[in-house]
Amino acid sequence: MISAFDTATIRQAEYDLVAHAPLDHVMKKAAGAVAETCAQLIAARDLARAGRVVALVGGGDNGGDALYAVAMLARSAIECDAVILHAEPHPRGCQAAEDAGVHLVRPDLSRSPRAVAQAVARTVIGCDVIIDGLVGTGGRGALREPFATVVTLVRAGLADAGDRLGRTRRQSPQTGHRPGTSERSRRPLVVAVDTPSGLGGEDGSVAGVHLPADVTVTMGALKPQAVLPPASYSVGQVRLCDLGVTISTPERARSLGAGDVGCAWSVPGPSDHKYTRGVAQVVAGSTEYPFTGVMCVEAAARTGAGMVRYSGPAEASLAVLSRVPEAVGAPGRFQACLLGPGLSERDDARIEQAGELMRTAHAANLPMVLDAGALRAWRRLVSQLPGGEIGPLAVLTPHAGEAAMLLTHLGAGSQRGGISRAEVEAEPLRWATRLTECTGAIVVLKGAATLIVAPGEIPYVQHQAPAWAGTAGSGDVLAGILVAVAAAAQAQSEQAGAELTQADLARRIAAGVWVHGTAARLAAGLRPDRPAAVDALSVQAEDVEPIGAGAPIIATDIIAAVPQAIRHALAAGPLRYAG
Ligand SMILES: NC(=O)C1=CN([C@@H]2O[C@H](COP(=O)(O)OP(=O)(O)OC[C@H]3O[C@@H](n4cnc5c(N)ncnc54)[C@H](OP(=O)(O)O)[C@@H]3O)[C@@H](O)[C@H]2O)[C@@H](O)CC1
Ligand SMILES: Nc1ncnc2c1ncn2[C@@H]1O[C@H](COP(=O)(O)OP(=O)(O)O)[C@@H](O)[C@H]1O
């Protein structure tokens with residue numbers, strides 16, 4: 001499990017730590033992790049020369065970390081510059097850097113932000129690694145000048161370097177030349193100290209310009225920006241430097257890893273059979289989208305449901321049964337239902353059928369997954385339930401557009417009017433939380449990072465899915481996985497004679513989201529574990545996964561890879577013994 005804590009909590013824990021150990025001692029540990037990371041990245045460039053690092057230094061302890069880091073690198077013969085962008089940089093850090101032979105660049109800070117930024121841009125040209133030590137946890141609000149212009153210009157320079165690299169690659173068919181490893185990684189890599197400068201929001205929101213990192217070496221514990229979108233899209237690979245801080249307050253957000261999923265996963269034993277493994281009922285597909293049901297049903301079956309029942313229009317049923325003959329068309333008992341993928345609001349018969357199943361599930365307190373068409377038909381469906389309440393075991397799976405639509409419909413926005421998709425994308429945690437508050441349901445807000453939020457619970461955020469997963473039908477596959485997971489959770493509770501709780505269901509659903517993302521990774525040819533926050537010193541440079549790694553996939557490829565993803569989770573989970 002990866003846990004992120006509020007910045008204020010971590011800062012307090014750091015204060016408690018430095019009350020017992022000298023701050024410089026702790027800073028040198030932090031700086032050591034940054035230096036080690038830079039050295040690994042440079043080693044992976046396979047250069048004929050020693051490599052060159054430029055640190056951007058602000059006025060706080062974050063700048064101090066950067067200065068100590070370049071001091072360490074300079075002592076191992078790497079050429080280092082430190083650009084001092086504050087009138088009062090960390091004095092002992094400056095001294096250490098100077099003593100180690102770091103070239104200190106001091107732009108005239110009385111000049112315009114553009115002039116200062118140009119001096120920075122000149123210094124970073126041709127370097128291998130930029131250390132971003134402008135601001136860390138002490139950052140407040142949007143970056144001020146000259147940092148904002150410095151960051152804007154450095155970003156533009158990095159984009160340019162990337163473009164030039166792209167042109168080199170495109171030339172290769174004519175020249176027959178294939179860029180080598182060092183050539184391919186010519187763009188300077190950005191290593192953020194603690195947190196990329198400009199990413200200060202506690203809820204993952206981003207205000208103003210920021211410097212995206214390839215690697216973020218974070219100190220003590222993960223900050224919210226490391227896991228919460230959209231900020232988390234700019235942290236690159238996160239490496240945790242364990243300073244030995246102790247935090248006893250609850251997390252801000254958590255992410256399940258393979259081992260957690262392995263623990264949470266229902267595995268059949270000798271006394272199990274299809275009914276104890278969970279029966280999933282799917283209402284999906286329509287005359288307009290007859291194949292949607294195929295994806296939901298096959299995904300549910302491959303996720304391990306004991307049985308999948310399917311209801312849909314005749315042409316869709318035919319498509320489902322010819323692709324998944326194991327599916328059962330007859331109605332009957334079920335432990336969780338999925339309503340909505342490919343459901344057209346104009347298809348009254350199907351909406352009526354979904355409504356009936358929803359009433360059955362609601363009366364029996366069974367989990368139900370509501371996706372796509374069921375979210376659009378919210379008013380018609382939910383008004384039929386006692387008190388118009390969907391219940392705690394409902395799982396809503398909107399993407400940002402559907403979440404905006406539902407929030408608007410529920411009157412959750414400001415008085416001015418509705419909520420837009422862009423607003424949800426800018427503050428996904430805020431709006432997913434609002435949606436759980438309005439409905440009492442578990443909300444799975446889909447995106448590059450998918451949030452799983454239940455009222456009063458610590459939210460889960462899962463980042464496994466590569467961007468290749470954003471393809472038509474991928475959400476239907478997810479919905480199929482989730483109904484199987486929910487059915488298994490309900491079946492297991494029935495076996496144990498206990499009620500399935502919302503918190504337990506939310507955790508299982510997060511495990512299902514992990515399986516979807518990991519299956520997409522495997523299908524795209526990526527290794528199953530996305531490089532994640534781990535011990536700073538144990539990771540190799542090749543663990544930095546570039547954007548665009550992998551290959552295109554279609555939704556059915558994800559389904560095919562589901563068993564392999566589950567196998568990976570079970571292998572990482574606990575050993576299980578019968579009895
Ligand atoms: N404490 C510990 O135990 C350890 C702490 N460690 C490290 O220290 C970091 C925290 O250090 P910190 O508290 O000095 O804050 P830091 O992030 O450097 O920022 C302060 C500077 O930023 C400036 N500034 C703020 N907002 C700004 C804006 N919007 N735009 C522009 N400037 C802005 C602010 O300026 P001011 O507002 O004061 O004028 C001030 O100069 C933490 O992230 C970790 O890396 C490690 O060494 C391990 C041990
Ligand atoms: N950029 C992205 N990176 C990773 N996953 C993505 C990205 N964009 C979309 N996804 C995932 O793809 C799925 C798309 O779901 P949805 O929008 O409902 O598609 P559809 O309705 O076509 O099935 C979701 O699981 C979402 O998390």
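What counts and how
Residues numbered from 1 in each chain as written. Chains lettered and ligands numbered in written order. Predicted model: local features only at pLDDT ≥ 70, side-chain atom pairs only at ≥ 80, totals over all residues. Heavy atoms only, no water. Helix = DSSP H or I, 4+ residues; strand = E, 2+ residues; numbered from the N terminus. Rg over C-alpha atoms; globule rule 2.2 N^0.38 Å. Buried < 20%, exposed > 50% of the residue type's maximum accessible area, 1.4 Å probe, protein only. 1 Å grid on protein atoms, 1.4 Å probe; cavity = no way out; pocket = protein on both sides within 12 Å on 5 of 7 lines; lining within 4 Å. Points joined across faces, edges and corners; volume = space filled by probe spheres on them. UniProt positions renumbered as here; feature names shortened; annotations may be inferred. Contact = heavy atoms within 4.5 Å. Expected span 1.5 Å × (residues − 1). Domains from an automatic or database assignment. Buried area = accessible area lost by both parts, 1.4 Å probe. Salt bridge = Lys/Arg side-chain N within 4 Å of Asp/Glu carboxyl O. Polar contact = N/O pair within 3.5 Å; in protein donor to acceptor, adjacent residues only side chain to side chain. Nonpolar A, V, L, I, M, F, W, Y, C, P; charged D, E, K, R; others polar. Near = heavy atom within 4 Å. Pairing = 2+ DSSP bridges. Core = buried A, V, L, I, M, F, W, Y, C linked by side-chain atoms within 4.5 Å.

### Remarks on the overall build of the chain
The helix and strand tally for the chain stands at 21 helices and 18 strands. Over its C-alpha trace the chain gives a radius of gyration of 26 Å, about what one expects of a compact globule, namely 25 Å for 579 residues. Here the C-alpha coordinates of the chain stretch approximately 80 × 60 × 55 Å along the principal axes. In the chain, which comprises 579 residues, the proportion classed as buried is 55%.

### Looking at empty space enclosed by the protein
Overall, the coordinates contain one cavity of 30 Å³ or more when judged by the stated rule. Empty space within the largest cavity amounts to approximately 40 Å³. Along the walls of the largest cavity sit Asp194, Thr195, Pro196, Thr216, Thr218, Lys223, Gln225, Ala226, Val235 and Val238, which together make up its complete lining. Looking at the lining of the largest cavity, the elements that each hand over two or more residues are strand S7 (215-219) and helix H8 (224-227).

### Points about the UniProt feature "binding site: AMP" (unreviewed entry) in the chain
The UniProt record annotates "binding site: AMP" (unreviewed entry) at Lys446, Gly447, Ala448, Ala449, Thr450 and Gly475. Spanning 30 residues, the annotated positions come together in the fold, the maximum distance between their C-alpha atoms being 13.3 Å. Looking at where Lys446 falls in the secondary structure, it is placed in the loop between strand S15 (442-445) and strand S16 (450-453). Accessibility expressed as a relative area gives 18% for Lys446, which makes it buried. Those residues in contact with Lys446 that lie beyond four places of it in its chain are Asp371, Thr397, Pro398, His399, Ala400, Gly475 and Leu478. In this structure, Gly447 sits in the loop between S15 and S16. When its relative accessible area of 40% is taken as the criterion, Gly447 is described as partly exposed.

### With respect to helix H13 (residues 348-363)
The end-to-end C-alpha distance of H13 is 22 Å, a good match for the 22 Å that 16 residues give at a rise of 1.5 Å each. Those residues of H13 not exposed but buried are Arg350, Ile351, Ala354, Gly355, Leu357, Met358 and Ala361. Residues of H13 that are buried make contact with strand S10 (279-283), strand S12 (336-339), strand S13 (368-370) and helix H15 (378-382). Where H13 terminates, the next one or two residues include Asn365, which has phi positive at roughly 60°.

### Describing the domain arrangement of the chain
Looking at the assigned domains, one finds that the chain contains domain 1 (2-173 + 193-253) and domain 2 (258-539 + 548-572). With centres defined by C-alpha atoms, the gap from domain 1 to domain 2 works out at 38 Å. Overall, the association of domain 1 and domain 2 removes approximately 1,700 Å² of surface from exposure, summing both partners, and the carbon and sulfur fraction of that is 63%. On the domain 1 side of the contact with domain 2, Pro229, Tyr233 and Gln237 bury the most area, a combined 22% of that side's loss. Linking domain 1 with domain 2 are zero salt bridges, by the criterion used here. Inspection of the domain 1/domain 2 interface yields three residue pairs in polar contact (both at pLDDT 80 or more). When residues of the side of domain 1 that touches domain 2 are traced back to their parent elements, those giving at least two are helix H2 (23-45) and strand S8 (237-241). The element best represented in the side of domain 1 that touches domain 2 is S8, accounting for five residues. A breakdown of the residues in the side of domain 1 that touches domain 2 according to their chemical character gives 13 nonpolar, six polar and five charged.

### Considering the site of ligand 2
Neighbouring residues of ligand 2: 17 residues in total, closest Lys446, Gly447, Pro466, Gly473 and Gly475. Within the contact set of ligand 2, an oxygen atom lies 2.6 Å away from a side-chain nitrogen or oxygen of Lys446. Contact between ligand 2 and Thr450: an oxygen atom at 3.3 Å from a side-chain N or O atom of the residue.

### What about the pairing of S15?
The side-chain alternation of S15 yields two buried faces, one formed by Ile442 and Val444 and the other by Val443 and Leu445. In this sheet, S15 lies alongside strand S14 (residues 394-396) in parallel orientation, the contact comprising two bridges. Bridge pairing in S15 places Val395 opposite Ile442. Two strands pair when backbone bridges link them, and S15 and S16 are joined in this way by three bridges, in the antiparallel orientation. Bridge pairing links Val443 to Val453 in S16. Hairpin connection from S15 to S16: four residues lie between these consecutive antiparallel strands.

### Examining the nonpolar core
In summary, soluble globular proteins display a tendency toward joint burial of nonpolar side chains. Of all hydrophobic cores here, the largest spans 67 residues; its most connected members are Val282, Leu505 and Val515. Beyond its immediate sequence surroundings of up to four residues, Val282 is in contact with Cys296, Val297, Val308, Arg309, Tyr310, Ser311, Leu338 and Val483. Membership of the second largest hydrophobic core comes to 54 residues, among which are Leu199, Ala253, Leu366 and Ala441.

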